[in-house]
Amino acid sequence: MNHAAGLTAEMSLSRIARLDEEIITLLARRRAMAQELPPPARARAVDPEFAEAVREITTRYRQELGGAGELVARAVMVLCHPDRRS
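Figured I'd write up the structure that's included with this text.

About the criteria used
- Residues numbered from 1 in each chain as written.
- Predicted model: local features only at pLDDT ≥ 70, side-chain atom pairs only at ≥ 80, totals over all residues.
- Heavy atoms only, no water.
- Helix = DSSP H or I, 4+ residues; strand = E, 2+ residues; numbered from the N terminus.
- Buried < 20%, exposed > 50% of the residue type's maximum accessible area, 1.4 Å probe, protein only.
- Expected span 1.5 Å × (residues − 1).

### Points about the overall build of the chain
So, point 1. Secondary structure summary: the chain contains three helices and zero strands in total.
So, point 2. Shown N-terminal to C-terminal, the secondary structure of the chain runs as helices and strands in the order α-α-α.
So, point 3. Taking all 86 residues of the chain together, the buried fraction comes to 8%.

Here's what the structure looks like:
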C-alpha cells in the first residue's frame, strides 16, 4: 500500500470514529430523554403500539440504510460499553 493511500485510509477511519462518537452521544441523549417519560401502562412486550413502533423504525432503517443491524449495534454500545456513564 502506498503512503498516500494509507493516509487517506487513516483519515477515513478517523472520520468514521468521530461520527461513531457523535452517533453514540445522540443515542445516549435519546435514551436519557426516553427515561424521563412515564412508564407504559402495560408491559411493552404485550403492547401492540410499542411493537408497531419498533416495526416502523426497523423498516425505516432497513429502507434508508439497508439494514437495522448497525442501529442495534450502536444502541448496544450505548447501553453496555463499560466506559459510558449510565
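That shown, we press on.
### Points about the environment of I24
So, point 1. Structurally, I24 can be placed in helix α1 (residues 3–36).
So, point 2. For I24, a relative accessible area of 2% gives the class buried.
So, point 3. In sequence terms I24 and R74 are 50 residues apart; their C-alpha atoms lie 6.5 Å from each other.

### Overview of helix α2 (residues 48–65)
So, point 1. The terminal C-alpha atoms of α2, which comprises 18 residues, lie 25 Å apart, in line with the 26 Å expected from a rise of 1.5 Å per residue.
So, point 2. Following α2 by one or two positions, G66 adopts a phi angle in the positive range, close to 90 degrees.

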